[in-house]
Amino acid sequence: DFSKAMSQAGTSQFQEVIRQELEYSMKVELDKILATAPSNEIEHAKKDLEGFKKLFHRFLQEKGPSVDWGKIQRPPEDSIQPYEKIKARGLPDNIASDLNKLVVVKLNGGLGTSMGCKGPKSLIGVRNENTFLDLTVQQIEHLNKSYNTDVPLVLMNSFNTDDDTKKILQKYSHSRVKIYTFNQSRYPRINKETLLPIAKDVSYSGENTECWYPPGHGDIYASFYNSGLLDNLIAEGKEYIFVSNIDNLGATVDLYILNHLMNPPNGKRCEFVMEVTNKTRADVKGGTLTQYENKLRLVEIAQVPKAHVDEFKSVSKFKIFNTNNLWIALSAIKRLQEKNAIDMEIIVNPKTLDGGLNVIQLETAVGAAIKSFENSLGINVPRSRFLPVKTTSDLLLVMSNLYSLNAGSLTMSEKREFPTVPLVKLGSSFTKVQDYLRRFESIPDMLELDHLTVSGDVTFGKNVSLKGTVIIIANHGDRIDIPAGALLENKIVSGNLRILDH
């Protein structure tokens, strides 16, 4: 046992030496990169690289999945409140004064590349020519007009989306919404083998674009604080931010949740509220809230030891998942940021660049900070508050008559008999937005649809109705044109179907 202990001590000493060498090499490389910064960018680049250095240091310290499965417990009953209970309290007469203490923050760092679009995802047209950003501005403007309030919109951009977003913001200069932006950090991607940055200088245009990445939305705390915007908003009397992904069309300002934050029933305010909703089979990979070492904690699938992944995905054991709609106290962000006390697990995201080089990027997730805040709470909200558009299959749902649009908000049509959304799977011919739009002469009537699968070269004519379960499969080399006005109810269509004009 003694020799075993000695060899273990030797191994850990050896690992420590390697760690120190890696940190030293990283520091040398980052200093070289910083030395290439023009004088007007030095301060900014320095902050980014300092932040990256801290993250890299933690990455070298941590090994293996970051949760001890044995310590995971179900959250206590009162730590996740049902939305109905919060809504039942009603609204006070002075809800407008509470609204004046709120700031809406949208995470706007993502590009539309997965849907075949160039530029920020927020500028993709979603409904009647309106983009995600248009709908967001309309929602807040409607709120400000209805309650005579001043709720501002803050966009967290990345270096990928900042220029294009700022150009488009001029369009809203006459709207009744103050819009602010700040940029999340820009971190260097590192070579998977050497664990050193692949960038040689600070520029991020041309062939250097692949050398840098925005480090996930967990970066919001540091970059919001560093931008100076956090302090300005506190000085204006703002108290809470409502944070959500800009592509989640269900994430509108909820007055009942706001009231619960501002006027808590027990008199003790929450610093952090996470909206969660019930899992369906489609959400088994979503992060879930657990009790861990007497704190609410978000556990993501990447942190789960392999032997327990199936258990994590079980809908019966972990019934809820994180929608990434979060309500956070500004004063708490400031306090924790100044103490360097926001603790988020590191997500290691492997990528292969166009030239075949394997790199990793170190990221964090905004919801993972829940355990650093005092008096956190989960609220189990209706599924309608989680309506993300990640693919053209999601886009088809939100463009269809399943939803009606009112003042920038989408609500499920009252004509739909059951409140669940149909399951839609569009094949690879529909992945890019422009291909998808070309294949629908008009969006089908989907009010009575349960399930739609489309695969291969398929087009839809005008005024098609889909009901029940519809499966359309064009085999390789075949083409299926669904004729205008067709009604498909519980049908499987396969083979070749071409409607020719004569």
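Residues numbered from 1 in each chain as written. Predicted model: local features only at pLDDT ≥ 70, side-chain atom pairs only at ≥ 80, totals over all residues. Heavy atoms only, no water.

Draft legend 1. How the structure looks around the layout of surface pockets. Volume-wise, the second largest pocket comes out at about 830 Å³. Counting residues per element, the ones that place at least two in the lining of the second largest pocket are α2 (42-61), β6 (179-183), α7 (220-226) and α11 (330-338). Looking at the lining of the second largest pocket element by element, the count peaks at nine residues for α2. In the lining of the second largest pocket, the residues fall into eleven nonpolar, twelve polar and eight charged. (1 Å grid on protein atoms, 1.4 Å probe; cavity = no way out; pocket = protein on both sides within 12 Å on 5 of 7 lines; lining within 4 Å. Points joined across faces, edges and corners; volume = space filled by probe spheres on them. Helix = DSSP H or I, 4+ residues; strand = E, 2+ residues; numbered from the N terminus. Nonpolar A, V, L, I, M, F, W, Y, C, P; charged D, E, K, R; others polar.)

Draft legend 2. Highlighting the sheet that holds strand β1 (residues 80-82). Pairing in this open sheet of eight strands is mixed, and the strands run β1-β17-β11-β14-β10-β2-β5-β6 from one edge to the other. Each edge of the open sheet is held by one strand with a lone partner, namely β1 and β6. Taking the axes of each pair of neighbouring strands and ignoring which way they run, one obtains an average angle of 25 degrees across the sheet. Pairing of strand β10 (residues 240-245) with strand β14 (residues 320-329), which is carried by four bridges, proceeds in the antiparallel orientation. Across the sheet, the residue bridging to Phe242 is Trp327, located in β14. Lying on the sheet, helix α6 (residues 162-169) is in contact with β2 (102-108), β5 (153-157) and β6; it crosses β6 at an angle near 170 degrees. Sheet strands touched by helix α9 (residues 255-262): β2, β10, β11 (272-278), β14 and β17 (376-380). Its angle to β14, the strand with the most contacts, is close to 55 degrees. (Pairing = 2+ DSSP bridges. Axes fitted to C-alpha atoms, helices over the stretch in contact; angles between N-to-C directions. Contact = heavy atoms within 4.5 Å.)

Draft legend 3. Inspection of the nonpolar core at higher detail. Core analysis: the largest hydrophobic core is formed by 106 residues, its most contacted members being Ile220, Tyr221 and Phe460. For this core, the element with the most residues is helix α5 (residues 132-147), which contributes six residues. If we skip the residues at most four places from it in the chain, Ile220 touches Val105, Leu107, Met156, Phe182, Tyr225, Val243 and Val366. Of all hydrophobic cores here, the second largest spans 27 residues; its members include Met26, Phe52, Ile190 and Leu362. (Core = buried A, V, L, I, M, F, W, Y, C linked by side-chain atoms within 4.5 Å. Buried < 20%, exposed > 50% of the residue type's maximum accessible area, 1.4 Å probe, protein only.)

Draft legend 4. Structural context of the UniProt feature "binding site: UTP" (unreviewed entry) in the chain. Within this numbering scheme, the UniProt entry marks Lys121, Gln184, Gly216, Asp247 and Lys390 as carrying the feature "binding site: UTP" (unreviewed entry). Lining of the second largest pocket among the annotated residues: Gln184. Tracing the chain through its elements places Lys121 in the loop between β2 and β3 (125-127). Its relative accessible area of 9% is what places Lys121 among the buried residues. For Lys121, the contacting residues outside a window of four places in its chain are Gly110, Leu111, Gly112, Met115, Phe132, Asp247, Val389 and Lys390. (UniProt positions renumbered as here; feature names shortened; annotations may be inferred.)

Draft legend 5. Spatial organisation of the domain arrangement of the chain. Here the domain parsing of the chain yields domain 1 (69-385) and domain 2 (392-494). The partner domain 2 presents 16 residues to the 15 residues of domain 1 that form the contact. Across the interface of domain 1 and domain 2, roughly 1200 Å² is buried in total on both sides, 63% from carbon and sulfur atoms. Joining domain 1 to domain 2, the criterion identifies zero salt bridges. Those elements that place two or more of their residues in the side of domain 1 that touches domain 2 are β3 and α5. Ranked by residue count, the leading element in the side of domain 1 that touches domain 2 is α5, at four residues. When its residues are assigned to classes, the side of domain 1 that touches domain 2 shows five nonpolar, nine polar and one charged. (Domains from an automatic or database assignment. Buried area = accessible area lost by both parts, 1.4 Å probe. Salt bridge = Lys/Arg side-chain N within 4 Å of Asp/Glu carboxyl O.)

Draft legend 6. Spotlight on the environment of Lys101. Turning to its location among the elements, Lys101 is positioned in the loop between α4 (95-99) and β2. Look at Lys101 and you get partly exposed, because its relative accessible area is 27%. Expressed as a C-alpha distance, the spacing of Lys101 and Leu258, which sit 157 residues apart in the sequence, is 9.8 Å. The residues contacting Lys101, other than those within four sequence positions of it, are Gly237, Lys238, Glu239, Tyr240 and Met262.

Draft legend 7. Representation of the UniProt feature "binding site: substrate" (unreviewed entry) in the chain in the model. When the UniProt feature table is mapped to this numbering, "binding site: substrate" (unreviewed entry) covers His217. The class for His217 is partly exposed, based on a relative accessible area of 26%.

Draft legend 8. Main features of α9. Judged by how many residues are buried, α9 sits mostly within the fold: seven of eight residues are covered. Burial in α9 covers these residues: Leu255, Ile257, Leu258, Asn259, His260, Leu261 and Met262.

Draft legend 9. Local environment of unusual backbone geometry. Residues other than glycine seldom take positive phi values, yet Glu293 does so here, at roughly 50 degrees. Inspection of the secondary structure assignment puts Glu293 in the loop between β12 (288-292) and β13 (295-299). Judged by its relative accessible area of 47%, Glu293 is partly exposed. The backbone phi angle of Ala407 is positive, close to 50 degrees, even though this residue is not glycine. As for its position among the elements, Ala407 is in the loop between β18 (403-406) and β19 (409-412). Take Ala407: its relative accessible area is 26%, and that puts it in the partly exposed class.

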